[in-house]
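# Results of the structural survey
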Amino acid sequence: MKKTFIEEIIRATNGELIKGDEKNYITGVKHDSRECESGDMFVAIKGDNQDGHKYIPQVVEKGCNTVFVSHTEGWYDEVAESDINIIKVDDTVFALGELAKYYLSTLDVLKIAVTGSVGKTSVRDMIYYALSEKYTCGRNLKNYNNFIGLPISIFRFDEKTEAVVLEMGMDKFGEIDRLASIVKPNIAVITNIGMSHIENLGSREGIFKAKMEVAPHITGRTPEDSGILIFPCDDEFLTRENTKGSYSQKIVGEDGRSDYIISDVDDFGLEGIQFNLEHLEQTAKIRLNIPGRHNSVNAALALAVAGAAGVSINEAQQGLLKTELTGSRLKNIKTDKLSIIDDTYNANPDSMKSAAKVLELSEGKGRKIAILGDMFELGEESERQHYGVGLFVRGLRVDALIAIGDKAEKIAEGAAGGNAEVAYYKNKEDFFKEIDRFIGNGDIILVKGSRGMKMEQIVEKLTEF
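Read on for a plain summary of the structure. (Residues numbered from 1 in each chain as written. Predicted model: local features only at pLDDT ≥ 70, side-chain atom pairs only at ≥ 80, totals over all residues. Heavy atoms only, no water.)

## Overview of the pattern of salt bridges
Oppositely charged side chains may form a pair once their charged atoms are brought near each other. Applying the stated criterion across every chain yields a total of 27 salt bridges. Asp-125 is paired through a salt bridge with Arg-139; the nearest N and O atoms lie 2.9 Å apart. Residue Asp-125 is located in helix α5 (residues 120–131), and its partner Arg-139 is located in strand β9 (residues 137–139); the two are separated by 14 residues in the primary sequence. Residue Arg-257 is joined to Asp-255 by a salt bridge in which the shortest nitrogen-to-oxygen separation is 3.3 Å. Under the relative-accessibility criterion, Arg-257 is labelled exposed at 56%. A residue is classified by how much of its surface remains accessible, and Asp-255, at 26% relative accessible area, is partly exposed. Taken together, the shared-partner salt bridges in this structure form one network comprising Arg-124, Asp-125, Arg-139 and Glu-167. (Salt bridge = Lys/Arg side-chain N within 4 Å of Asp/Glu carboxyl O. Helix = DSSP H or I, 4+ residues; strand = E, 2+ residues; numbered from the N terminus. Buried < 20%, exposed > 50% of the residue type's maximum accessible area, 1.4 Å probe, protein only.)

## Points about the sheet that holds strand β19 (residues 368–373)
Across a sheet, strands are paired by hydrogen bonds formed along the backbone, either parallel or antiparallel in direction. An order of β17-β18-β22-β19-β20-β21 is seen for the six strands of this open sheet, with the pairing classed as mixed. Each of the sheet's edge strands pairs with one partner strand only, and the pair in question is β17 (331–334) and β21 (421–425). Taken pair by pair, the neighbouring strands of this sheet meet at an average axis angle of 15°, ignoring direction. Pairing between strand β18 (residues 339–342) and strand β22 (residues 444–448): four bridges, direction parallel. Each residue of the ladder has a partner; that of Ser-339, found in β22, is Ile-444. Along the sheet, helix α13 (residues 349–361) contacts β18, β19 and β22; its crossing angle with β22, the most-contacted strand, is approximately 175°. (Pairing = 2+ DSSP bridges. Axes fitted to C-alpha atoms, helices over the stretch in contact; angles between N-to-C directions. Contact = heavy atoms within 4.5 Å.)

## Concerning the pairing of strand β8 (residues 110–115)
Within β8, six of the six residues are buried, leaving the element largely enclosed by the surrounding structure. Taking every second residue as pointing to the same face, both faces of β8 are buried, with Leu-110, Ile-112 and Val-114 on one and Lys-111, Ala-113 and Thr-115 on the other. Bridge analysis of β8 against strand β10 (residues 163–167) gives five bridges, and the strand direction is parallel. Within β10, the residue paired with Val-114 across the bridge is Glu-167. In terms of strand pairing, β8 meets strand β11 (residues 187–190) through four bridges, oriented parallel.

## As for helix α4 (residues 92–105)
When the terminal C-alpha atoms of α4 are compared, their 20 Å separation across 14 residues agrees well with the 20 Å that a helix rising 1.5 Å per residue should span. Considered for burial, the residues of α4 that qualify are Thr-92, Ala-95, Leu-96, Gly-97, Glu-98, Leu-99, Ala-100, Tyr-103 and Leu-104. Here α4 starts with a cap whose side-chain oxygen sits 3.0 Å from the backbone nitrogen of Val-93, and that cap is Asp-91. (Expected span 1.5 Å × (residues − 1). Polar contact = N/O pair within 3.5 Å; in protein donor to acceptor, adjacent residues only side chain to side chain.)

## A closer look at the nonpolar core
Val-29, Met-41, Leu-104, Ile-154, Met-168 and Leu-372 are the most contacted members of the largest nonpolar core, which totals 80 residues. Per element, the largest residue contribution to this core is six residues, and it comes from α4. Leave out the neighbours within four places in its chain, and Ile-154 touches Ala-100, Tyr-103, Leu-104, Leu-166 and Ile-182. By size, the runner-up hydrophobic cluster in this structure holds 42 residues, among which are Val-114, Tyr-128, Ile-230 and Tyr-260. (Core = buried A, V, L, I, M, F, W, Y, C linked by side-chain atoms within 4.5 Å.)

## Notes on the pairing of strand β14 (residues 260–267)
Both strand β13 (residues 248–253) and β14 contribute to a ladder of two bridges, which runs parallel. Within the sheet, the bridge partner assigned to Gly-253 lies in β14 and is Ile-261. Both β14 and strand β15 (residues 273–279) contribute to a ladder of six bridges, which runs antiparallel. Looking across to β15, one finds that Tyr-260 is bridged to His-279. Where β14 hands over to β15, the hairpin turn is made up of five residues, of which Gly-269 adopts a positive phi near 65°.

Have a look at this one:
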């Protein structure tokens, strides 16, 4: 973070300086008291179960010289004699976003926003690596894509940063609108319209409406530039007609109407993919070391962003080859006995099917086993979607499917009657009691489920074999 003065913070957030000096400054913003250092501003967040204000004496003792607060009860007397700056606002989370909006506006950077039902983080990471071949590039920390994480990520950028790629997550209407108002992207990417959060948003139409909240905030870097919206055409929601606005549009897809045309996709399982990409009169063969046929679309979205940013396809391809995805996304873990596909970061019907296809196409000496858990937030669609995943796996060359969780029983039902061995367990503990009868030397094992299922515990168990 570049040096930011207290008077700037007060002006940006409509805050009140109740102690300290406007001429002082900060060099970092943190919301985790354990990470605070000298020069940081600690943002005290009052949640439903925890109140960050109680940690203020602790961060002051560590050398933090500025605190951002919404009340003074229960902590002020302990720091009243300290030489610190105290800025009070009505709502520290909202004000944090306002400060991030101001801070980002002081940087001369190309701003890219990424949202969508599936693949947000993967596309964000691919764009980051593609642009990094030409620009000093920044992105969200980890998977920080909400009202707190996105601003905290923004404060990591400084004057040396030339481009930023910011993922925006949501599960309710209005959240993308708020995040996009902070970023004001020059280029926005919508990865797809899937089933994620349909329980809260009611329908895919609702999901499309929520994702399109990014559109009114797309802003060109110059008065002559209107900004760009990039998406894969699905002929249902993401079409030129449905997404038109004051910005220009770039479409990726597998038909001749697309601006970036994908063809001849070769899927090598865990070894990655290869495909042809045609843009204008140029055709390039794109290699990706990341598995999954669906990543041809994700990579094409990244290449479209790179093209709009003045990065050649050849340069961007070199960046894509260096891509390392954040978190447990189709991560290949090899032990002495097993090959584990750790895709435990989260799950929805589309990503579940894509991961199962990667398993089918992966080469190994032993059996191919899918261990699949519940998918959350599917609402009334839950039973049908879980059954559909099972039906999809039934049609693959997979040796065994193990379904775990209350909702996953429908996955087992959908997969029953095929060539694969099918087993169902209500919880992980029951599965662990019988895990030995499924696992053998040389097996390739996919583990996937929604975040709340904590499927990484199964990965940990498997690595002990």
